[in-house]
Amino acid sequence: MAEVRNVNVGILGHVDSGKTSLARALSTVVSTAGFDKHPQSQQRGITLDLGFSALRVDEAPSQLREKIGSLASGTQFTLVDCPGHASLIRTIIGGAQIIDAMMLVIDVTKGIEVQTAECLVIGEIIKGGTCPLLVVMNKVDLLPPASRADAVEKMRKKVGLTLKKTKFADNFKTVVASAAPGGQGDTVQDAEGIEDIIRELCAMMPPTLTRYPNAPFVCLVDHCFAVKGQGTVLTGTVLQGTLAVGDTVEIVEIGEQRKVKGMQMFKRPVQCATHGDRVALCVTQLDPTDLERVLVAKPGHIPKTKRLVAEVERVRFYKSAIESYKKFHVSLGHSTVLAEAIFFSRPCSRATVPLLEDDFSFELSLEESMKPPTGQEACGAGKQFFALLTFDEAIPCPPSAQLIASRLDSTSHSNSCRIAFAGQVVDLLPSNEACTPVPLKVFKSKEKKGIVERIEGDGETAIVKGMFKKETDISAFLGMFVKVGGGEDTYSDGGGVSGSGDFDGNGDFDGSGIVGGKIVSTFGKSGKVKVHFPKQGISKGGSSKEVTLVFKKNVFGKDKKELFQ
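Residues numbered from 1 in each chain as written. Predicted model: local features only at pLDDT ≥ 70, side-chain atom pairs only at ≥ 80, totals over all residues. Heavy atoms only, no water.

## Observations concerning the overall build of the chain
Rules: In DSSP terms, a helix is any run of H or I states spanning at least four residues, a strand is any run of E spanning at least two, and both are numbered starting from the N terminus. Burial classification: accessible surface area is computed with a 1.4 Å probe over protein chains only, and a residue below 20% of its type maximum counts as buried, one above 50% as exposed, and the rest as partly exposed. Only heavy atoms matter for contacts: two residues are in contact if any of them lie within 4.5 Å across the pair. Calculation of accessible area relied on Shrake-Rupley with a 1.4 Å probe; when residues are assessed, cover is drawn exclusively from the protein chains displayed.
On a plain count of helices and strands, the chain comes out with eight helices and 33 strands. Scored against the burial criterion, the 565 residues of the chain give a buried share of 50%. Taking contacts inside the chain between residues at least 6 apart in sequence as the whole, the part at least 24 apart equals 72%. Accessible surface, the chain as shown: approximately 25,900 Å² in total, 49% of it carbon and sulfur.

Quick look at the structure:
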């Protein structure tokens, strides 16, 4: 059999936009999980699970092949029909992570709806928005014939203006179709615009797709079922690597290994499968009852973890606060688990240095939140953001996996985006020991203020009040530097305390008018302290002036009382 070029196309859109009808009209072969075969889907009339079918262009009806020409010869499009209902966003995210191209289906009579926008956000996240996007304006048969052309053109412009604000601005095409004219069309012959869809899909696809056939094998499985007399079948998409009949794989979630007895691709027996292929694996002595969405991989390649570090970016359409120490629904592959997030950052100038290999004299800063951007400013401009994620339960995590974090506890009927941030896994941390220190130096800056109550007779020592409470253990603050006066200069004693402003010998910070001193002892039992200033420095500050102490704590340090400056 000639080699077939497989392209995974995700079909996404708002509920009832006609996605499944479009997949049915396009397909030449259906998998065991195609066209709403789930009993509840048939009962409720909506897509509840991922559906898979394929368009083998060389097997399409002859009249269709004549219209699209030879451009698509040898190409197979695996169509991933994703649910459109808001409550099924976990399934949508899982389906989107296996695609090479995206087909966004819009009901031309309604335009862009809430889940349409959410699908666009997911599409932007997957592969950084670089996958080709084909917008299908469906259901044109519902428009009055007399005004159809004008209505279509108006909707085309409206959709174009929306997409110009996204990462797809220069990477999308628009076609018009009617997948089920009158609601009854079930075949390619009944549908309208199918040849235009195929032609645009073929034209948009690059000559070669990014594939990693030599990497360790990983397959994202979405359906499991038993076949009498054969064994258990696991159907999924190969994320990387190559697998042959007779190889041994691990079902990661349950930690069990099985030898692959046979393989098929859309009902055709094959001897091997590689990155990007849609494949069915047959194994024996495996109960599929409690299995559905799992990872199948090279034995020992994928660990489970409860903690990981990821480089993350805020989704600009998310309007609510994204705060440290709050929980989010984090999706990795088909798994969606609650996780607590702690955000930290470093300057973008360090972005080329692997995080865990960075020189730790260059500190990471705790971020209380990832604030929304203002105007044209990017979120955290000049900063590279990371998140430490601690999951409620251990989950399998492929190296460098992509993740998406959402707040799915918000109402699905809301008009606001629920996807908060996304990113890529940087490193996994020990998961079985909650007390294991995090190997990162992340500092939280703090500040205390006091008032110069009086200046001692030596002219170099001041009594400062109001900086500490009487019950505070001040010993940890002895030797720290304070400043009197305005500005944001930091300070140094020349002995390793980092900063941009140094004493000039007169107690002044580089002539800025900021006076610096050192906490030398306590004074009494009411929380007052003695601060020593260089000669002549205290006269610049004077009595009743505000004194500021800036210090920091290592968020993940063993000693929670240890302070730094």
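## Remarks on the pairing of strand 13 (residues 262–265)
In summary, the side chains of a regular strand alternate between the two faces of the sheet. The condition that has to hold: Two strands are counted as paired when DSSP detects at least two bridges linking them.
Relative to strand 16 (residues 278–283), strand 13 runs antiparallel, the two sharing three bridges. Across the sheet, residue Gly262 finds its bridge partner in strand 16, namely Cys282. With three bridges joining them, strand 13 and strand 14 (residues 268–270) adopt antiparallel strand pairing. Paired with Met263 across the bridge in strand 14 is Val270.

## Considering the sheet that holds strand 14
This is how the line gets drawn: Every angle, taken between N-to-C directions, lies between 0 and 180 degrees, and every axis is a line fitted to C-alpha atoms, over only the stretch in contact when it is a helix.
Pairing in this open sheet of eight strands is antiparallel, and the strands run 12-11-17-8-9-16-13-14 from one edge to the other. Lying at the two open borders of the sheet, with one neighbouring strand each, are strand 12 (256–259) and strand 14. The mean inter-strand angle of the sheet, taken between neighbouring strand axes irrespective of direction, is 35 degrees.

## Considering the packing of helix 4 (residues 89–96) against helix 5 (residues 114–125)
Stated formally: Crossing handedness: left-handed means the near helix sits turned counterclockwise from the far one by under a right angle, and right-handed means the same turn made clockwise. Three classes are used: nonpolar for Ala, Val, Leu, Ile, Met, Phe, Trp, Tyr, Cys and Pro, charged for Asp, Glu, Lys and Arg, and polar for all others, with Gly counted as polar.
Between helix 4 and helix 5, the least distance of the axes is 10 Å, while the angle of their chain directions is 35 degrees. Judged by the sense of rotation from one axis to the other, the crossing of helix 4 with helix 5 is right-handed. Contact residues: helix 4 offers Ile89, Ile92, Ile93 and Ala96, while helix 5 offers Glu118, Cys119 and Ile122. Grouping the amino acids of the contact of helix 4 with helix 5 by side-chain chemistry returns six nonpolar, no polar and one charged.

## A closer look at the sheet that holds strand 4 (residues 75–81)
Backbone hydrogen bonds are what pair the strands of a sheet, in a parallel or an antiparallel way. Spatially, the seven strands line up as an open sheet ordered 2-3-4-1-5-6-7, and their pairing is mixed. Pairing within the sheet leaves two strands with one partner each, and these edge strands are strand 2 (29–30) and strand 7 (172–176). Relative to strand 3 (residues 51–56), strand 2 is paired through two bridges, and the arrangement is antiparallel. Bridging across to strand 3, Val29 finds its partner in Ala54. Those strands touched by helix 6 (residues 148–163) are strand 5 (101–107), strand 6 (133–138) and strand 7, and its axis lies near 150 degrees from that of strand 6.

## Quick look at helix 5
Put simply, the rule is: Multiplying 1.5 Å by the residue count of a helix minus one yields the expected span of that helix.
The end-to-end C-alpha separation of helix 5 is 17 Å, in line with the 16 Å expected for twelve residues at 1.5 Å each. Among the twelve residues of helix 5, ten are classified as buried, and the element is accordingly described as predominantly covered. Residues of helix 5 that are buried include every one of Gln115, Thr116, Glu118, Cys119, Leu120, Val121, Ile122, Gly123, Glu124 and Ile125, and no others. Lys127, located one to two residues past helix 5, shows a positive phi value of around 55 degrees.

## Digging into the nonpolar core
Applicable threshold: Only buried Ala, Val, Leu, Ile, Met, Phe, Trp, Tyr and Cys residues count toward a nonpolar core, and they belong to the same one when joined by side-chain atoms within 4.5 Å.
Ranked by internal contacts, the top residues of the largest apolar core, which has 70 residues, are Leu389 and Phe421. Residue contacts for Phe421: discarding those within four places in its chain leaves Val312, Glu313, Arg314, Val315, Ile322, Phe328, Ala341, Phe343, Leu389, Leu403, Ile404 and Ala405.

## Structural notes on the packing of aromatic side chains
Note the threshold: Stacked, edge-to-face and tilted labels apply to pairs of Phe, Tyr and Trp rings (six-membered ring for Trp) whose centres lie within 6.5 Å, assigned for plane angles under 30 degrees, over 60, and everything in between, in that order. The criterion is that NZ of a Lys, or CZ of an Arg, lies within 6 Å of the ring centre and within 35 degrees of the ring normal, and then a charge sits over that ring.
The tally for this structure, following the rule as stated, stands at seven aromatic pairs. Measuring from ring centre to ring centre gives 5.3 Å for Phe328 and Phe421, while their planes differ by 75 degrees; the resulting arrangement is edge-to-face. Of this pair, Phe328 sits in strand 19 (residues 326–332) while Phe421 sits in strand 24 (residues 419–429), and the two are 93 residues apart along the sequence. On the accessibility criterion, Phe421 (0% relative accessible area) is buried. Consider the rings of Phe477 and Phe551, whose centres lie 5.2 Å apart with planes at 85 degrees: the pair is edge-to-face. Linking Phe477 in the loop between strand 26 (461–465) and strand 27 (481–484) with Phe551 in strand 32 (residues 546–554), this pair joins segments that are 74 residues apart in sequence. Here Phe477 matches Phe551 in class, with each residue buried. Among the aromatic side chains, those forming a connected cluster through ring pairs are Phe328, Phe343 and Phe421. In this structure, Arg407 packs its charged tip against the face of Phe328, placed 5.5 Å from the ring centre.

## As for the side chain of Asn8
The following threshold applies: Pairs of N or O atoms within 3.5 Å make up the polar contacts considered here, provided that, within protein, one atom can donate a hydrogen while the other can accept it, and that residues adjacent in sequence are counted only when both atoms are side-chain atoms.
Checked against the element boundaries, Asn8 lands in strand 1 (residues 5–13). Looking at Asn8, its side chain comes within polar contact range of the side chain of Asn6, at 3.3 Å. With sequence-adjacent residues up to four places away left out, Asn8 is seen in contact with Thr78, Ile98, Ile99, Asp100, Ala101, Arg211, Thr237 and Gly276.

## Focus on unusual backbone geometry
The phi dihedral of Asp16 is positive, around 70 degrees, even though this residue is not glycine. Here Asp16 shows up in the loop between strand 1 and helix 1 (19–26). For Asp16, a relative accessible area of 53% gives the class exposed. Within the chain, Ser400 stands out as a residue other than glycine whose phi angle is a positive 60 degrees. Structurally, Ser400 is set in the loop between strand 22 (383–396) and strand 23 (402–406).

## Topic: the environment of Cys224
In this structure, Cys224 sits in strand 8 (residues 218–227). Exposure remark for Cys224: the relative accessible area of 15% places this residue in the buried category. Contact partners of Cys224, with chain neighbours within four places excluded, come to Val233, Leu234, Pro288, Leu291 and Glu292.

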